[in-house]
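Spelled out from the first residue to the last, the chains are:
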Amino acid sequence: MRGVLAVALLVGAAGCSAVPAEPVAQSVPGPQAGAGQVEWGPCTDIKRPDGEPPARQDSSVRCGKLTVPLDYDKPDGEKIDLALIKMPATGQRLGSMVFNFGGPGASGVDTLDQAGKALAPLRTRYDLVSFDPRGVERSSGVRCGNGAEMDRFTALDTLPPDDRTHREGEQMNKQFAALCQKNSGKILPYVGTVNAARDMDRIRAAVGDPKLNYVGMSYGTQLGAVYATLFPKNVGRMVLDAPLDPTITFEQRTVAQTRGFQHAYDSFLQACVKDGSCAVGKDVPTANTNVENLMNELTAKPLKVRDRELTQGLASTGVAAALYSELTWPFLEQALGEALQGHGEALLYLADTYTGRSTDGSYSTQMTSFPAITCVDTAERPSETDLRRTEQQALQISPLFGSEGSGGLCRVWPVKGSDQARHVNATGSAPIVVIGGKGDPATPYEWAPKLTAQLKTATLVTYEGEGHGAYLSGSKCVRGLVDSYLINGKVPQKGATCPAA
């Protein structure tokens, strides 16, 4: 789950029980009657996070397109194409496993290609399938300006929280929203999660599966929950990792995420100074003060990085981006240490990986699809008073990550929103597994039991470790529970927990 502007707001064994649901078919026929067709072919435009093509491309991986209605209320009207990717099963095939890796706005086509090796155990039994949801990248991706305009948007400072910063932020939000309407106005009303869930049922039918087997991560948990609400009888084996509580307000989301990122930041600093060689400072108070001073200095005078500048807004984005996983903490230490010495390249690189900026100055749709989907998924439009109250609460929790959140952009968004995607209830579905991480900065653990209760048919697994998402965290316990469920149909016991990896 992503934030806007500065991100901050934008294993013990456990028992299992058998799934009472129908078994997945051992062989799957072609597309069901009435389903759309996917013409699979070679993948020709896969991109890494830096926008470059991969060094190697697995020749067995296939890409294709599926045509779906732009407006499901007019199924025979205008159509759009969804971009899909498939990694064929390497063993005895059970069917397809569909993935959404989050965002909203992440490209499933690019991400599945990158994650294929980590998902090899599942690929022994399933075709691994993902897609760019409507409004994302190759699927009528939302565009809101050229590279230079996006540079100005992503570089905007969020500190200090004074009238000038607020005026600049509001002006930039209005300019950004107007560009989105100008460049992508046709798709904007139709990019919501409800329509994306309907698209997933078209994908399920097109690949020939009677049930949707699905792994959703971060925002993908809301997409999966909405799918299970709309099509409970079509749910196969579903895992929702790093769950979002769809009922929360912008204010609640911003405060919870600010607390989550501050917790992860505190954990990073404690780990950094543990052996006495931390490049950020000799102890936690010193390191924290050094970073605060760096941010204040960047507000007054950004660091030159070749033909660009590292602003406070970009530096905060870079720090937050590296807190998503413990694996990137060493690089964050290096980046902050270098920035304290006047070199901003590494911190700017972290920010670029988050915002989807390529080395040639172009952008993916990560930062544009996010608000487009987020704002159409809620009828909430915060007032100026709401935004300032939210900001004050967030800043009390974290001077580094506190902000008004993404409500400021939705306040001026050119398309009305709907609350349909905020209400989920999967009564009648097969068992769903929800995984919440105690140290997750982006989707705080408190949201996991809430989504579990709302679904009615879900079982919660608790991961005690750090990082955003548990399944790909390196936890053998989480991996074992999830793979046992997806491959063998064994649902984790109620109250199952896994220690930190």
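Everything quoted here is computed from the prediction, not taken from an experiment.

The rules behind each value
- The numbering scheme is per chain: residues are counted from 1 as the chain's sequence reads.
- Predicted model: local features are reported for residues with pLDDT of at least 70 only, side-chain atom pairs are reported and counted for 80 or more only, and whole-chain, interface and lining totals are derived from all residues.
- Side-chain figures throughout are based on the complete set of non-hydrogen atoms in the structure, without hydrogens or water.
- Using only the protein atoms, space was sampled on a 1 Å grid; points where a 1.4 Å probe fits but cannot get out form cavities, open sets with protein on both sides within 12 Å along at least five of seven lines form pockets, and lining residues are those with an atom within 4 Å of a point.
- Grid points are joined across faces, edges and corners, and a volume is the space filled by probe spheres set on the points.
- By definition, any uninterrupted DSSP run of H or I lasting at least four residues is a helix, any uninterrupted run of E lasting at least two residues is a strand, and each is numbered from the N terminus.
- Side-chain classes are defined by residue name, with Ala, Val, Leu, Ile, Met, Phe, Trp, Tyr, Cys and Pro counting as nonpolar, Asp, Glu, Lys and Arg as charged, and the others, Gly among them, as polar.
- Only heavy atoms enter the contact rule, under which two residues are in contact if any of them lie within 4.5 Å.
- Here, any two strands with at least 2 DSSP bridges between them count as paired.
- Axis angles are defined between N-to-C directions and span 0 to 180 degrees, where every axis is a line fitted to C-alpha atoms and, for a helix, only to the segment in contact.
- Convention used here: angles under 35 degrees read as roughly parallel, angles over 145 as roughly antiparallel, angles from 65 to 115 as roughly perpendicular, and any remaining angle as oblique.
- Residue burial is assigned from relative accessible area. The probe radius is 1.4 Å, only protein chains are included, and a residue is buried under 20% of its type maximum, exposed over 50%, and partly exposed in between.
- Disulfides are defined as cysteine sulfur pairs within 2.5 Å.

Considerations on empty space enclosed by the protein
Here is step 1 of the chain: Roughly 160 Å³ of internal volume is contained in the largest cavity.
Here is step 2 of the chain: Lining the largest cavity are 16 residues, and of these Gln222, Leu244, Arg253, Thr374 and Asp377 sit closest to its centre.
Here is step 3 of the chain: Elements with a contribution of two residues or more to the lining of the largest cavity: α6 (219-230), α7 (250-273) and α12 (366-376).
Here is step 4 of the chain: Tallied by class, the residues present in the lining of the largest cavity amount to eight nonpolar, four polar and four charged.
Here is step 5 of the chain: Tallied by class, residues from the lining of the second largest cavity come to six nonpolar, three polar and no charged.

Observations regarding the environment of proline 42
Here is step 1 of the chain: Along the chain, proline 42 turns up in strand β2 (residues 41-42).
Here is step 2 of the chain: Once residues within four sequence positions are removed from consideration, proline 42 is found in contact with Arg62 and Cys63.

Considerations on the sheet that holds strand β3 (residues 62-69)
Here is step 1 of the chain: Taken in spatial order, the ten strands make up an open sheet running β2-β3-β4-β6-β5-β7-β8-β11-β12-β14, and their pairing is mixed. Across the chains shown, the open sheet's two edge strands, defined by having one partner strand only, are β2 and β14 (497-498).
Here is step 2 of the chain: Strand direction decides the pairing type here: strand β4 (residues 79-87) and strand β6 (residues 126-132), joined by five bridges, are antiparallel. Its bridge partner being in β6, isoleucine 85 is matched across the sheet by serine 130.
Here is step 3 of the chain: Where α6 meets the sheet, it contacts β5 (95-100), β6, β7 (212-217), β8 (235-241) and β11 (432-439), and its direction lies at approximately 150° from that of β8.
Here is step 4 of the chain: Its contacts with the sheet put helix α16 (residues 476-488) on β5, β6, β7, β8, β11, β12 (458-466) and β14, and the angle it makes with β8 is roughly 165°.

Some details on the packing of helix α5 (residues 193-206) against α6
Here is step 1 of the chain: Closest axis-to-axis distance for the α5/α6 pair is 9 Å, and the angle between their directions is 70°. The orientation of α5 with respect to α6, classified from their angle, is roughly perpendicular. Between α5 and α6, the contacting residues are Thr193, Val194, Ala196, Ala197, Arg198, Met200, Asp201 and Arg204 on the first element and Tyr219, Gln222, Leu223, Val226, Tyr227 and Leu230 on the second.
Here is step 2 of the chain: A class-by-class count of the residues in the contact of α5 with α6 yields nine nonpolar, two polar and three charged.

Here's the deal with the pairing of β5
Here is step 1 of the chain: Most of β5 is tucked away: six of the six residues are buried.
Here is step 2 of the chain: Here five bridges tie β5 to β6, and the two strands are oriented parallel to one another. Residue pairing for β6: valine 98 is matched across the bridge by valine 129.
Here is step 3 of the chain: Examined bridge by bridge, β5 and β7 share three bridges and lie parallel to one another. Paired with asparagine 100 across the bridge in β7 is glycine 216.

Considerations on the packing of helix α9 (residues 312-322) against helix α11 (residues 345-355)
Here is step 1 of the chain: The contact between α9 and α11 brings their axes to 7 Å, and the two run at 75°. Relative to α11, the element α9 is oriented roughly perpendicular. In this structure, α9 contributes Leu314, Ala315, Thr317, Gly318, Val319, Ala321 and Ala322 to the contact, and α11 contributes Leu347, Leu348, Leu350, Ala351, Tyr354 and Thr355.
Here is step 2 of the chain: Here the contact of α9 with α11 is built from residues that sort into ten nonpolar, three polar and no charged.

Quick notes on the state of the cysteines
Here is step 1 of the chain: One pass over the structure, following the stated rule, counts five disulfides.
Here is step 2 of the chain: Between the sulfur atoms of cysteine 272 and its disulfide partner cysteine 278 the distance amounts to 1.9 Å. With the S-S bond torsion at 90°, the cross-link from cysteine 272 to cysteine 278 turns out right-handed. As far as the burial class goes, cysteine 272 and cysteine 278 line up, both buried.
Here is step 3 of the chain: Note that cysteine 375 is cross-linked by a disulfide to cysteine 410, the S-S spacing being 2.0 Å. Across the disulfide from cysteine 375 to cysteine 410, rotation about the S-S bond amounts to roughly -90°, and the bridge is consequently left-handed. Taken together, the residues cysteine 375 in helix α12 and cysteine 410 in helix α14 (residues 407-411) connect sequence positions 35 residues apart.
Here is step 4 of the chain: In this structure cysteine 375 comes out as buried when scored by relative accessible area, which is 0%.
Here is step 5 of the chain: Overall, cysteine 410 belongs to the buried group, its relative accessible area being 0%.
Here is step 6 of the chain: If the cysteines joined by disulfides in the protein chain are listed in sequence order, their pairing comes out as 1-2, 3-4, 5-6, 7-8, 9-10.

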